[in-house]
Amino acid sequence: MNLHERTVIVIGGGSGIGWGAAQACLERGAHVVLAGRTASKLERALQTLQAGERGRYVSADITKEGDVSALFRGAERVDHVVVTAADLAYQPIVEFDVAAAQRALGSKLLGALLVAKHAAPRLPAHGSLTFTTGVASERPLPRGSLTATVNGGLHSFVRAAAIELAPIRVNALSPGWVDSELWDSIGVDKAAAFAQMAARLPVGRIATPADLGHAAVFLMESEMTTGAVLTVDGGHRFV
Ligand SMILES: NC(=O)c1ccc[n+]([C@@H]2O[C@H](COP(=O)([O-])OP(=O)(O)OC[C@H]3O[C@@H](n4cnc5c(N)ncnc54)[C@H](OP(=O)(O)O)[C@@H]3O)[C@@H](O)[C@H]2O)c1
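Conventions used here
- Residues numbered from 1 in each chain as written.
- Predicted model: local features only at pLDDT ≥ 70, side-chain atom pairs only at ≥ 80, totals over all residues.
- Heavy atoms only, no water.
- Core = buried A, V, L, I, M, F, W, Y, C linked by side-chain atoms within 4.5 Å.
- Buried < 20%, exposed > 50% of the residue type's maximum accessible area, 1.4 Å probe, protein only.
- Helix = DSSP H or I, 4+ residues; strand = E, 2+ residues; numbered from the N terminus.
- Contact = heavy atoms within 4.5 Å.
- Expected span 1.5 Å × (residues − 1).
- Salt bridge = Lys/Arg side-chain N within 4 Å of Asp/Glu carboxyl O.
- Right-handed = clockwise from strand over helix to strand, strands pointing away.
- Pairing = 2+ DSSP bridges.

Further remarks concern the nonpolar core. Ile11, Phe72, Val81, Val115, Leu129 and Phe131 are the most contacted members of the largest nonpolar core, which has 32 residues in total. Of all elements in the fold, only strand E1 (7-11), strand E2 (31-36), helix H3 (65-73), strand E4 (80-83), helix H4 (98-119), strand E5 (128-132), helix H5 (145-164) and strand E6 (169-175) reach the threshold of two or more residues within this core. Here Leu129 is in contact with Val81, Val115, Ala116, Ala119, Leu123, Leu165, Ile168, Arg169, Val170 and Asn171, once residues within four sequence places are set aside. Listed in part, the 28 residues of the second largest apolar core include Ala30, Val82, Val217 and Leu219.

With that settled, the discussion passes to the side chain of Ser180. Residue placement: Ser180 occurs in the loop between E6 and helix H6 (190-200). On the basis of relative accessible area, Ser180 is assigned to the buried category, the value being 12%. The contacts of Ser180, once residues within four sequence positions are left out, are Gly16 and Lys190.

We now examine helix H7 (residues 209-221). Taking 1.5 Å per residue, 13 residues should reach 18 Å; H7 reaches 18 Å between its end C-alpha atoms and fits that length. Next to the buried residues of H7 lie E1, helix H1 (16-27), E4, E5, E6 and strand E7 (229-232).

With that out of the way, let us pick up the pattern of salt bridges. Under the defined criterion, the tally for this structure stands at nine salt bridges. The residue Arg54 makes a salt bridge to Glu5 at a minimum N-O spacing of 2.9 Å. Of this pair, Arg54 sits in the loop between helix H2 (39-49) and strand E3 (55-59) while Glu5 is found in the segment before E1, placing the two residues 49 residues apart along the sequence. Relative accessible area serves as the criterion here: at 27%, Arg54 is assigned to the partly exposed category. Among the residues examined, Glu5 registers a relative accessible area of 37% and is labelled partly exposed. For Asp233, the salt bridge identified is with Arg237, shortest N-O distance 2.9 Å. Each of Arg37, Asp87 and Arg103 takes part in salt bridges that share partners, so that together they form one network.

Counting buried positions over the seven residues of E6 gives seven, a clear majority of the element. Of the two faces of E6, the one carrying Arg169, Asn171, Leu173 and Pro175 and the one carrying Val170, Ala172 and Ser174 are both buried. Read as a crossover between parallel neighbours, the route from E5 over H5 to E6 is right-handed. Pairing geometry for E6 and E7, over four bridges, is parallel. The partner of Leu173 across the bridge, within E7, is Leu230.

Right, dumping it as structure tokens:
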């Protein structure tokens, strides 16, 4: 199976890994629909992708069932769905903020359920769903318990959904650190943190959105891959 003339909806496609997935799909001759909460970001993403007639966007908040339902009802066609949306909070357990926790759970876990619910009836038998977990599920950092929890939950969800939604395939990408806009909100010195991590990683560098886009394409195209978590972390979980 290849992606030529297929339609891929990328929720979170306005930046980072979603943008990288959209770019990889366009390079293979697919059509892309980018979704996210911020129209201006999605418009800019389509411009930088130079998507032309092959790209459009829909404003949608993955935590709102009405938005998710409208996204799939309004799609003329959909072959594959990639979800990278995340609204995460990094905080000490003893200072837990419930509203921030709900945003994280909503964007990564409830959002995954809503996407599966509304996408599955629209997907063809060759279709697939790809979610995004991450290294925090296996190698958590202090202040990252919430991220570890939602990522770990996705590991279980893709296995369960792969059984229930078959023959639609359901998988997840598990990145290590990726140089994306997500780091702008974490409150660390990104350049210093990346330099230190690159020196520790077996591959010697931090991943780019394109590295993850390449892996997302593999999950969409590989007809024998379902219920899998594909680790693309440069060896991060071992160091
Ligand atoms: N970057 C890393 O180092 C790293 C490492 C491990 C795992 N991951 C995982 O990879 C995924 C993607 O991260 P990224 O680095 O690509 O981050 P990113 O650049 O911040 O992209 C996330 C995208 O999701 C959208 N989004 C956020 N909340 C949303 C919502 N409620 N509904 C719809 N769209 C929403 C954002 O746009 P709007 O705000 O406009 O909606 C944004 O474009 C996340 O699940 C993250 O946990 C990333």
